[in-house]
Amino acid sequence: MAEPIDVLTAARLWPPMMEALHGAFRVHDRTHQGDAAAFAAVAPRIRAISGSGESKVPRELIAQLPKLEVISVFGVGYDGVDVAAARERGISVTNTPDVLNDEVADLAIGLAIAVARRIPQADRYVREGKWPGGPMPLARKMSGARLGIVGLGRIGNAIAKRAEAFGMTIAYTSRNARPESPYRYLPSAEALAAEVDFLVVITPGGAGTRKLIDAKALKALGKDGYLINVARGSVVDEAALIEALQNGTIAGAGLDVFENEPNVPAALAALDNVVLTPHVGSATWQTRHAMGDLAFGNLVAHFAGKPLLSPVP
Ligand code: 8YV
């Protein structure tokens, strides 16, 4: 019988994904995160890492795994993986693009409507028996408003498509203008923020976008503007955001991602002009199954000597 293939997980993975891994490989569940002796014993045999979009796979970890061949990310974002370090060793990196575009775009629009129309607050208003005392204060219309997209990639375009149906005017910023796009390009997040009512962040995380949305961009968004973040917490200066929300520098925010997940600053949670969700952009049965198939399929393809299904660019 062939020697089993040793796989290290770099996140608490979704149970069906774990089940699939256990069925095909010898799985070492986050052994590197606590049990130094156990990790030292298995590290020389590890040939694959299975992680999530939030997983950290730094150069130091890669260096400890002499037989590592492939890193499969269950997620589209792979900012936690040191791809350069992997490339130097000829280690492949895969992610799960496309299958979650609809889901994340749905949540972005959902958060925008939720924060503008104050849906969570309205729900509480009913539950707390306040309705008989009078109507809720009026909210803000989203249809027809101006939308700015920070990062016009696959998900950014899916958000734009939905926004078109809401009659929104769409502009974007990204590293480079996309001449093929029908939407208006602005050269920076700050310039874009100044022109829109809703600023949606859907750009990859990592060093290149760290705190791209800073105090200046928030000031440009202005007192009637809303920030929606479905990308990575690292893209927004969270301290500046809290201050902007507290001072009325911006009108509100819908946030699915945070700087130090799963910890959300108490100051943010205390605010009434925010809607908070716990990084659930891709979290439906349908999409997680599709992501699992792709993430697992990449490992299977690699060890069968077949082309990877979705290597990172
Ligand atoms: C996570 C995500 O990967 O795709 C991404 O980049 O952020 C998410 O889909 C998912 O939460 C699994 O941890």
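Structure: see above.
Report on the accompanying structure. (Residues numbered from 1 in each chain as written. Predicted model: local features only at pLDDT ≥ 70, side-chain atom pairs only at ≥ 80, totals over all residues. Heavy atoms only, no water.)

**Things to note about unusual backbone geometry**
At step 1: For the bond from Glu261 to Pro262, the omega torsion is 5°, close enough to zero to count as cis.
At step 2: Here Pro262 lies in the loop between strand 11 (252–255) and helix 11 (266–269).
At step 3: The phi torsion at Arg30 lies on the positive side, around 50°, for a residue other than glycine.
At step 4: A positive phi angle, near 55°, is found at Arg118, a position not held by glycine. (Helix = DSSP H or I, 4+ residues; strand = E, 2+ residues; numbered from the N terminus.)

**Points about the packing of aromatic side chains**
The way to describe two aromatic rings as a pair is by their centre distance and the angle between their planes.
At step 1: Tallying each qualifying case throughout the model produces six aromatic pairs.
At step 2: On the numbers, 6.3 Å between centres and 40° between planes, the contact of Trp14 with Phe74 is tilted. Of the two residues, Trp14 is situated in the loop between strand 1 (6–9) and helix 1 (15–24) and Phe74 in strand 4 (residues 70–74); the sequence distance between them amounts to 60 residues. Summarising the burial analysis for this pair, Trp14 and Phe74 share the class buried.
At step 3: Taking the centre distance of 5.2 Å and the plane angle of 15° together, the rings of Phe198 and Tyr226 count as stacked. Remark: Tyr226 occurs in strand 10 (residues 226–229) and Phe198 occurs in strand 9 (residues 198–201); sequence separation between them is 28 residues.
At step 4: The buried category is assigned to Phe198, whose relative accessible area is 0%.
At step 5: A connected cluster of aromatic rings, assembled from ring pairs, spans Trp14, Phe74 and Trp285. (Phe/Tyr/Trp six-rings, centres within 6.5 Å; stacked < 30°, edge-to-face > 60°. Buried < 20%, exposed > 50% of the residue type's maximum accessible area, 1.4 Å probe, protein only.)

**Some words on the nonpolar core**
At step 1: Judged by nonpolar contacts, the single largest core of 49 residues is most densely connected at Met17, Leu21, Leu147, Ile149, Ile159, Phe198 and Val230.
At step 2: At ten residues, the largest contribution of residues to this core is made by helix 5 (residues 101–117).
At step 3: Ignoring any residue separated from it by four or fewer positions in sequence, one finds Leu147 in contact with Ile159, Ala163, Met168, Thr169, Ile170, Ala171, Val196, Phe198 and Val200.
At step 4: With 29 residues, the next largest nonpolar core counts Ile213, Leu221, Leu227 and Ala231 among its residues. (Core = buried A, V, L, I, M, F, W, Y, C linked by side-chain atoms within 4.5 Å. Contact = heavy atoms within 4.5 Å.)

**Points about empty space enclosed by the protein**
At step 1: Tallied over the full model, the rule gives two cavities of 30 Å³ or more.
At step 2: In this structure, the largest cavity encloses a volume near 50 Å³.
At step 3: Taken together, Asn229, Gly233, Val236, Glu238, Leu241, Leu255, Val257, Phe258 and Leu268 form the lining of the largest cavity.
At step 4: For the lining of the largest cavity, the per-class residue count stands at six nonpolar, two polar and one charged.
At step 5: Size it by volume and the second largest cavity reaches roughly 40 Å³.
At step 6: For the second largest cavity, the full set of lining residues is Ala108, Ile109, Ala112, Met142, Leu147, Ile159, Met168 and Val200.
At step 7: Element by element, the count of residues in the lining of the second largest cavity is highest for helix 5, at three residues. (1 Å grid on protein atoms, 1.4 Å probe; cavity = no way out; pocket = protein on both sides within 12 Å on 5 of 7 lines; lining within 4 Å. Points joined across faces, edges and corners; volume = space filled by probe spheres on them. Nonpolar A, V, L, I, M, F, W, Y, C, P; charged D, E, K, R; others polar.)

**Here's the deal with the pattern of salt bridges**
At step 1: A full pass over the atoms with the stated rule returns 18 salt bridges.
At step 2: The closest approach of N and O atoms between Asp6 and Arg45, which form a salt bridge, is 3.3 Å. Of this pair, Asp6 sits in strand 1 while Arg45 sits in the loop between helix 2 (36–42) and strand 3 (46–52), and the two are 39 residues apart along the sequence.
At step 3: With its nearest N and O atoms 3.8 Å apart, the salt bridge here joins Asp98 to Arg154. Highlighted residues: Asp98 in the loop between strand 5 (92–94) and helix 5 and Arg154 in helix 7 (residues 154–165), separated in sequence by 56 residues.
At step 4: With a relative accessible area of 45%, Arg154 lands in the partly exposed category.
At step 5: Salt bridges here are not isolated pairs; linked through shared partners, they connect Glu3, Asp6, Arg26 and Arg45. (Salt bridge = Lys/Arg side-chain N within 4 Å of Asp/Glu carboxyl O.)

**What to know about the environment of Ala267**
At step 1: Along the polypeptide, Ala267 turns up in helix 11.
At step 2: We classify Ala267 as partly exposed; its relative accessible area is 33%.
At step 3: Setting aside residues no more than four positions away along its own chain, Ala267 makes contact with Ile242 and Gln246.

**Let's talk about the site of the ligand**
At step 1: What surrounds the ligand is a group of 13 residues, the closest being Glu54, Val76, Arg232, His279 and Ser282.
At step 2: Here an oxygen atom of the ligand and a side-chain polar atom of Glu54 are 2.7 Å apart.
At step 3: Within the contact set of the ligand, an oxygen atom lies 3.1 Å away from a side-chain nitrogen or oxygen of Arg288.
At step 4: Its free accessible area being 330 Å², the ligand has 88% of it covered by the protein chains.
At step 5: Split into classes, the residues belonging to the shell around the ligand amount to four nonpolar, six polar and three charged. (Near = heavy atom within 4 Å. Polar contact = N/O pair within 3.5 Å; in protein donor to acceptor, adjacent residues only side chain to side chain. Areas by Shrake-Rupley, 256 points an atom, 1.4 Å probe, with all protein chains shown as cover.)

**Focus on the packing of helix 5 against helix 7**
At step 1: Between helix 5 and helix 7, whose axes approach to 8 Å, the crossing angle comes to 50°. Looking at the two axes, helix 5 sits oblique to helix 7. As helix 5 packs across helix 7, the resulting crossing turns out to be right-handed. Contacts between helix 5 and helix 7 involve Asn101, Asp102, Val104, Ala105, Asp106, Ala108 and Ile109 on the former and, on the latter, Arg154, Ile155, Ala158, Ile159, Arg162 and Ala163.
At step 2: Residues belonging to the contact of helix 5 with helix 7 are distributed by class as follows: eight nonpolar, one polar and four charged. (Axes fitted to C-alpha atoms, helices over the stretch in contact; angles between N-to-C directions. Parallel < 35°, antiparallel > 145°, perpendicular 65-115°, else oblique. Left-handed = near helix turned anticlockwise from the far one by under 90°.)

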